[in-house]
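Next come the chains, spelled out residue by residue.
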Amino acid sequence: MATNQANNEPVIDLAQERLRRRRPGRADAPARAYLTVAEFCAEMDIARSTFYDWRAKRSAPKCIKLPNGELRIRRTEFERWLDEHEEEVA
């Protein structure tokens, strides 16, 4: 890990930090097939309330409701949803 020369503090690589937050465990672990609401919100960098607002407006990705009431989002559905919201560059 790199350190700051002035005060010898560790320098955080933001890209690696984002990757670590997206994939619990090892940074090089494969992405899981399903995302929890918390994982989705962390990956999109949004508040949980924003996710539920999107859901109420039917603009969030499709979810799977588990028997215990928790929601999961398929990784493939998340990727499809992102592609659907991608803007065309003129």
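Here's what I pulled together on the structure shown here. Predicted model only: the values in this text are computed from it and were never measured. (Residues numbered from 1 in each chain as written. Predicted model: local features only at pLDDT ≥ 70, side-chain atom pairs only at ≥ 80, totals over all residues. Heavy atoms only, no water.)

1. Section: the overall build of the protein
In step 1: Along the protein, the regular secondary structure elements total four helices and three strands.
In step 2: For the protein, the sequential pattern of α-helices and β-strands runs α-β-α-α-β-β-α. (Helix = DSSP H or I, 4+ residues; strand = E, 2+ residues; numbered from the N terminus.)

2. Things to note about the pattern of salt bridges
In step 1: The final tally for this structure, using the stated rule, is four salt bridges.
In step 2: Residue Arg 72 pairs with Glu 70 through a salt bridge whose shortest N-O separation is 3.0 Å.
In step 3: Classification of Glu 70 by relative accessible area gives partly exposed; the value is 39%.
In step 4: A cluster of three or more residues bridged by salt bridges with shared partners is formed by Glu 77, Arg 80 and Glu 84. (Salt bridge = Lys/Arg side-chain N within 4 Å of Asp/Glu carboxyl O. Buried < 20%, exposed > 50% of the residue type's maximum accessible area, 1.4 Å probe, protein only.)

3. As for the state of the cysteines
In step 1: As enumerated under the stated definition, the model contains zero disulfides in all.
In step 2: Cys 41 forms no disulfide, and the closest cysteine sulfur to it belongs to Cys 63, at a distance of 9.9 Å. (Disulfide = S-S within 2.5 Å.)

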